Amino acid sequence: MNLATATEEDLRLLAAQGAASLEGASARELLQWTEDTFGSDYIVASNMQDGVLVHLAAQIHPGVDVLFLDTGYHFAETIGTRDAVEQVYGVNVINARAEASVAEQDAAEGKDLFAREPNRCCALRKVAPLKKTLAGYKAWVTGIRRVEAPTRANAPLISFDDAFGLVKINPIAAWSDEDMQSYIDEHSILVNPLVDEGYPSIGCAPCTSKPAPGSDPRSGRWAGQAKTECGLHAS
Ligand code: SF4
């Protein structure tokens, strides 16, 4: 198949074939399939909570494109982790930014939109830049895991992403927290320092707090609001 001219139907077929042939495959096998199928036409998304997925992908594709949603609201530790991941793993980080700066958004929408309309803020600062960036690729790789939240419990390894119109690969969807920690320890993977400070799920600073001990790890995201997801991953 000529990827340059692949239609949505072609990509749906590729996703279905990959999903059928790689059921139960390891993260490395899934990334190798991604590389063999899409060459340089895919991008690996990272929220820079840790470098696990980037490290895995860079073993298969040195210099691979890595997508970071640079919302303008990140913790300094997250920006530092992004810069370290780029340097240490030798990947090509693409910082996807919103059309408007935070100051411009404040002027247009009123200050602190995240506190009043987080869905709109995420739509402007995450979903729109993601959509624009993904339009240049045929597949994207994400680090979502089934154990992270009930909304992710059925995340497939490979699927066609209807929201963004390309193939989506979740190589570590089946990994437990113990699998993650083993990989981090075995390969001395870079981890966002906020994890050790008690943040098991890290997003934008205004919308991330420490969850109560023993509670859902993602309960610190948009705490006190009905919102639980950015809108990047369909449940
Ligand atoms: Fe805005 Fe919060 Fe969404 Fe970040 S997580 S884009 S600050 S609403």
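Where an unreviewed UniProt entry is consulted, the protein chain appears under the name Adenosine 5'-phosphosulfate reductase, with the organism given as Rhodococcus wratislaviensis. Under the UniProt heading Sequence similarities (unreviewed entry), the entry covering the protein chain gives this text: "Belongs to the PAPS reductase family. CysH subfamily." Taken from UniProt, the Subcellular location (unreviewed entry) comment for the protein chain reads in full: "Cytoplasm".

Peer 1: With reference to specific residues and values, describe the overall build of the protein chain.
Peer 2: When its secondary structure is counted, the protein chain shows nine helices and six strands. The C-alpha radius of gyration computed for the protein chain amounts to 17 Å, which stays within 12% of the reference 18 Å derived for 235 residues, consistent with globular compactness. Within the protein chain, buried positions represent 49% of all 235 residues. For the protein chain, the share of sequence-separated contacts (at least 6 apart) that also reach a separation of at least 24 residues comes to 68%.

Peer 1: Could you give an account of the environment of Asp112, naming the residues involved and the relevant values?
Peer 2: In this structure, Asp112 sits in the loop between helix H5 (102-109) and helix H6 (113-116). For Asp112 and Cys207, which are 95 residues apart along the polypeptide, the C-alpha to C-alpha distance reads 11 Å.

Peer 1: Break down the side chain of Thr142 for me, citing the residues and quoting the values.
Peer 2: Considering the arrangement of structural elements, one finds Thr142 in the loop between strand S4 (139-141) and strand S5 (158-161). We classify Thr142 as buried; its relative accessible area is 1%. Look past the residues within four positions of Thr142 in its chain and what remains in contact with it is Leu53, Lys168, Ile169, Asn170, Pro171 and His233.

Peer 1: Which residues make up the packing of helix H1 (residues 8-21) against helix H2 (residues 27-38), and what values do they have?
Peer 2: Interhelical geometry of H1 versus H2 gives an angle of 150° and a closest axis separation of 12 Å. Of the possible angle classes, the one that applies to H1 and H2 is roughly antiparallel. The hand of the H1/H2 crossing is right-handed. Across from Leu11, Leu14 and Gly18 in H1, the residues of H2 making contact are Trp33, Thr37 and Phe38. Of the residues that constitute the contact of H1 with H2, the class distribution is four nonpolar, two polar and no charged.

Parameters and conventions
Residues numbered from 1 in each chain as written. Predicted model: local features only at pLDDT ≥ 70, side-chain atom pairs only at ≥ 80, totals over all residues. Heavy atoms only, no water. UniProt positions renumbered as here; feature names shortened; annotations may be inferred. Helix = DSSP H or I, 4+ residues; strand = E, 2+ residues; numbered from the N terminus. Rg over C-alpha atoms; globule rule 2.2 N^0.38 Å. Buried < 20%, exposed > 50% of the residue type's maximum accessible area, 1.4 Å probe, protein only. Contact = heavy atoms within 4.5 Å. Axes fitted to C-alpha atoms, helices over the stretch in contact; angles between N-to-C directions. Parallel < 35°, antiparallel > 145°, perpendicular 65-115°, else oblique. Left-handed = near helix turned anticlockwise from the far one by under 90°. Nonpolar A, V, L, I, M, F, W, Y, C, P; charged D, E, K, R; others polar.

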